[in-house]
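Listed here are the chains, written in short residue letters.
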Amino acid sequence: MLTHRVNTLSESITIAVSTLAQELKAKGKDILSFSAGEPDFGTPQIIKDAAIEAINNDFTKYTAVDGIPALKKAIANKLQRDNGLTYTSDQIIVNNGAKHSLFNLFSATIDKGDEVIIPSPYWVTYPELVKYCGGSVVKIETQDVSAFKITPKQLKNALTPKTKMLILTTPSNPTGSVYSKEELTALAKVLEGTNVIVASDEMYEKLVYEGSFTSAASVSQDMYKRTITINGLSKSVAMTGWRFGYMAADNRELIQATKKLQGQSTSNINSITQMAAIVALDGKADKDIEMMRQEFKARRDEAVKLFNNIKGVSVLKPDGAFYLFVNISEVSNDSLVFAKKLLESTGVAVVPGIGFGCEGYFRFSFATDIESIRIGIARIEKFIKEL
Ligand code: PMP
Ligand code: GLU
């Protein structure tokens, strides 16, 4: 009954582990979950107020498929202000979360046999969607010794005449690595003279703790032309459930193609979310964003210190996002078994590294209160000692 296409899809392991943790908790088990890529903060009040106002004003009907003009204007202003990128409204489309942006983008650009370069460890969804669209995944392996970043040489070696796209995620999920302007410029140079598209996933842009954030499209005119900038509000203003994402590209034909696809599949995103998103994009929640960033930074520092005190465990201090990619290769070479046993015996949920293409690690989300982080890491330490 099912298509070959859908049969090739694996379940999202990040969602699977967090759902399991929630289920066990609901059954009364003592669970501490560090699995979800989801801020534990509420959505800022000013954003919620805008949504309530939209409902009370009956702003509850279908809208333009690609987003209302005021929202697209707010996105264009944000991209100009924060990233130095100039896009007009017809170069922007609003989607049901950045995951949907990626789905639309891959559907519109990847044909059977096209190669897509994905730096590894990667966010779980990329290879699955690429395969779903008929593309072939070409991984570039990175390690903690090189801060989990690809080098220009690695990129050059991965290019073939079939390369269609490079996916860049900065800051990265699951490693938290952030590419500097110089590093992005060096990668951009390798792509000059090719037709390779760059999908730049900038979901964690607002969660940078060291150095500064650079948008891939901003490093050169050549890079601007080949890059599709993808972003959303799930992580920066704690709006995971609202479903808001967008992409912006120099290529209007591409944006129009994804609009056609969206018009035949989901139509516009929720009208109420659109009104709320304008407030977030206009900078009205910037104080809340900064408060969350500071809190994440304190948690990161504490968690890194505690993990690096555990014998057999090491972790890099990530420059961004809210994940630690914890190296457990000295104590386990099967992260799936490790994570399963850890959950069963201590109630601590983490995501096995293999889900991100990298054995010998697990992902620990520090988007959880600091007290739970301390207790959780103490349980992990005890578990490892008893292995
Ligand atoms: N990109 C990255 C790197 C992510 O971690 C996520 C996590 N949800 C997304 C995109 C998608 O976010 P959303 O669909 O909630 O906008
Ligand atoms: N992106 C988040 C994560 O990595 C949310 C879950 C998902 O969408 O996969 O945990």
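Attention in this report is confined to the structure presented alongside it. Every value quoted in this text rests on a predicted model; they were computed, and no experiment measured them. (Residues numbered from 1 in each chain as written. Chains lettered and ligands numbered in written order. Predicted model: local features only at pLDDT ≥ 70, side-chain atom pairs only at ≥ 80, totals over all residues. Heavy atoms only, no water.)

**Observations concerning the site of ligand 2**
Okay, step 1: In the region of ligand 2, the neighbouring residues are Ser12, Thr14, Ile15, Gly37, Lys99, Trp123, Asn173, Lys235, Tyr323 and Arg363.
Okay, step 2: Ser12 is positioned with one of its side-chain polar atoms (N or O) 3.5 Å from an oxygen atom of ligand 2.
Okay, step 3: Assessed atom by atom at 2 Å from the grid points, ligand 2 resides in the largest pocket.
Okay, step 4: A per-class count over the shell around ligand 2 returns three nonpolar, four polar and three charged. (Near = heavy atom within 4 Å. Polar contact = N/O pair within 3.5 Å; in protein donor to acceptor, adjacent residues only side chain to side chain. 1 Å grid on protein atoms, 1.4 Å probe; cavity = no way out; pocket = protein on both sides within 12 Å on 5 of 7 lines; lining within 4 Å. Sits in = over half its atoms within 2 Å of the grid points. Nonpolar A, V, L, I, M, F, W, Y, C, P; charged D, E, K, R; others polar.)

**Side note on the site of ligand 1**
Okay, step 1: For ligand 1, the set of nearby residues contains 14 residues, the closest of which are Ala98, Asp201, Tyr204, Ser234 and Arg243.
Okay, step 2: Computed on the free molecule, ligand 1 has an accessible area of 390 Å², of which 93% lies beneath the protein chains in the complex.
Okay, step 3: In this structure the site holding ligand 1 corresponds to the largest pocket.
Okay, step 4: Split by residue class, the shell around ligand 1 holds six nonpolar, four polar and four charged. (Areas by Shrake-Rupley, 256 points an atom, 1.4 Å probe, with all protein chains shown as cover.)

**Some thoughts on the pattern of salt bridges**
Where charged atoms from two side chains of opposite charge come close, those side chains can pair.
Okay, step 1: Under the defined criterion, the tally for this structure stands at 26 salt bridges.
Okay, step 2: Between Lys225 and Asp250 there is a salt bridge, and its shortest N-O distance comes to 3.5 Å. With Lys225 in helix α9 (residues 221-226) and Asp250 in the loop between β8 (245-249) and α10 (252-263), this pair connects stretches of sequence that are 25 residues apart.
Okay, step 3: The exposure class assigned to Lys225 is exposed, which follows from its relative accessible area of 51%.
Okay, step 4: With a closest N to O distance of 2.8 Å, Glu302 and Arg374 form a salt bridge. (Salt bridge = Lys/Arg side-chain N within 4 Å of Asp/Glu carboxyl O. Helix = DSSP H or I, 4+ residues; strand = E, 2+ residues; numbered from the N terminus. Buried < 20%, exposed > 50% of the residue type's maximum accessible area, 1.4 Å probe, protein only.)

**Considering the side chain of Thr346**
Okay, step 1: Summarising the element assignment, Thr346 is placed in helix α13 (residues 335-346).
Okay, step 2: Within the structure, the side chain of Thr346 is placed 2.6 Å from the backbone oxygen of Leu342, a separation counted as a polar contact.
Okay, step 3: Setting aside its immediate chain neighbours within four residues, Thr346 contacts Asp30, Lys341, Arg379 and Phe383. (Contact = heavy atoms within 4.5 Å.)

**So, the sheet that holds strand β6 (residues 197-201)**
Okay, step 1: A sheet is described by the order of its strands in space; here seven strands give the open sequence β2-β8-β7-β6-β5-β3-β4, paired in mixed fashion. The open sheet has two edge strands with one neighbour each: β2 (92-95) and β4 (136-141). Ignoring strand direction, the axes of neighbouring strands in this sheet form an average angle of 20 degrees.
Okay, step 2: Note: strand β3 (residues 115-120) against β4, six bridges, orientation parallel. Directly across from Ser120, in β4, lies its bridge partner Glu141.
Okay, step 3: Each of β2, β7 (227-232) and β8 is contacted by α10, which is oriented at about 30 degrees to β2, the strand it contacts most. (Pairing = 2+ DSSP bridges. Axes fitted to C-alpha atoms, helices over the stretch in contact; angles between N-to-C directions.)

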